[in-house]
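# Chains, contacts and geometry: an overview
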Amino acid sequence: MASAGIDDVRAWILGRHPDRTTIAPDENLIESRLVDSLSFVELVYAIEGASGVEVDFDTIDIQDFQTLSSIEKAFFATTRIA
Amino acid sequence: MPAGRVGVDLVPFARVRRLTVDGDAGATVLRRMLSEAEIALCHPGAGWDVAGIAGRLAAKEAVFKTLRARGQTLPWLGIEILKDDAGAPVVRFSGRAAELVQDAGIEQIDVSITHDEPFAVAVAFGVGSSDNS
C-alpha cells in the first residue's frame, strides 16, 4: 500500500503537468520529462516536506529520484508492525 | 575531451516568477540554486530580479551540460554565475562542481546570457587540453 507521503509527491508532480492524470510507479520521471533540473530542486523540497527527511544535495543519489517507486523506497519506507 | 564543448539552456521567466511569489517555500528553493553572492546580484532592491535569476539558472544548466556528468545532479551552488568588472558573466566553481570540471578536463568556461520576456537563454563554451572524452 502506498504511503500518504508518496501520494503527496505524486500529486505535486501531477499538479505541474495538467496534461497527465496518472504516473506509474516505475515511470522514469526524468526521462519522461516530468521532472527537469529546475523542478528537481522543487521536487526535493516537496519530498522533504512530505517525509520530514532533509536531503543533502552534495551527497544526493539520483537513483533515489528516478521513479515514484524509488522515491517511496528511499524516503517513505513504512515501518510494519508484526 | 575535444577542442571544445558547448552547452545551451533556456529558462522561462514564468518558472522563476512562480518561485519568487511562493513565499518561504519559493525563497528556500531559490536559495538552493543561488549562492549568497548571486542573490546579492539578483535581489538588488525591493524585489527579485526575475530576468537576472532566469539568466543565471540557464547559465548554470548550460555550464553543467558541457561537463557531461551523466548520473550526477546539477550542483547549483557550486556553479556560480557572477560578474566581472565590466559586468560580463563569469563562472566560479567550488565543491563537487569543481571536481566535475576537473574530471571533464575542462580548463576554462565562458558563458553568454540573453533575456527578453518571456525567456532567458544561456550558452556555455568550455575548453581544455586533457585526454578525457
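Located above this text is the structure these notes cover.
Cut-offs used in this document
- Residues numbered from 1 in each chain as written.
- Chains lettered and ligands numbered in written order.
- Predicted model: local features only at pLDDT ≥ 70, side-chain atom pairs only at ≥ 80, totals over all residues.
- Heavy atoms only, no water.
- Contact = heavy atoms within 4.5 Å.
- Buried area = accessible area lost by both parts, 1.4 Å probe.
- Salt bridge = Lys/Arg side-chain N within 4 Å of Asp/Glu carboxyl O.
- Polar contact = N/O pair within 3.5 Å; in protein donor to acceptor, adjacent residues only side chain to side chain.
- Pairing = 2+ DSSP bridges.
- Helix = DSSP H or I, 4+ residues; strand = E, 2+ residues; numbered from the N terminus.
- Axes fitted to C-alpha atoms, helices over the stretch in contact; angles between N-to-C directions.
- Buried < 20%, exposed > 50% of the residue type's maximum accessible area, 1.4 Å probe, protein only.
- Arc of directions from axis to C-beta.

Attention now moves to the interface of chain A and chain B. Chain A puts 15 residues into the contact, and the matching count from chain B is 16 residues. Across the chain A/chain B interface, buried area totals approximately 1400 Å², and carbon plus sulfur atoms make up 60% of it. At the boundary of chain A with chain B, the tally comes to three salt bridges. A salt bridge links E42 of chain A to R18 of chain B; the shortest N-O distance between them is 3.0 Å. Taken together, the connections running from chain A to chain B amount to four residue pairs in polar contact (both at pLDDT 80 or more).

The next thing to look at is the sheet that holds strand β5 (residues 119-127) of chain B. Residues and elements named next belong to chain B. The strand order across the open sheet formed by three strands is β1-β5-β4, and the pairing between neighbours is antiparallel. Two strands bound the open sheet, and with one partner strand each, they are β1 (4-12) and β4 (108-116). Neighbour-to-neighbour, the strand axes of the sheet open up by a mean angle of 15°, direction not taken into account. Two strands pair when backbone bridges link them, and β1 and β5 are joined in this way by nine bridges, in the antiparallel orientation. Counterpart to V6 in the pairing with β5 is F125. Running at roughly 60° to β1, helix α1 (residues 13-20) makes contact with β1, β4 and β5 of the sheet.

We now examine the pairing of β5 of chain B. Residue and element names in this part refer to chain B. Only one face of β5 is buried, namely the one carrying A120, A122, A124 and G126, since none of F119, V121, V123, F125 and V127 on the opposite face is buried. Direction of pairing for β4 relative to β5: antiparallel, over a ladder of nine bridges. From the neighbouring strand, V111 faces β5, where its bridge partner is A124.

Below, the discussion takes up the environment of H43 of chain B. Residue and element names in this part refer to chain B. Its location among the elements puts H43 in the loop between α3 (36-42) and α4 (50-67). Judged by relative accessible area, H43 falls into the partly exposed class, the value being 28%. Distance from H43 to I53, taken between C-alpha atoms, is 9.0 Å for residues 10 residues apart in sequence. At a separation of 3.4 Å, a polar atom in the side chain of H43 contacts the main-chain carbonyl oxygen of G47.

Moving on, we come to helix α3 (residues 68-75) of chain A. All names here are of chain A. Among all positions of α3, only L68, S70, I71 and F75 are buried. Each buried residue of α3 lies within a common arc of 160° when the element is viewed along its axis, so the set occupies one face. Structurally, α3 contributes buried residues whose contacts are with α1 (4-15) and α2 (37-51).

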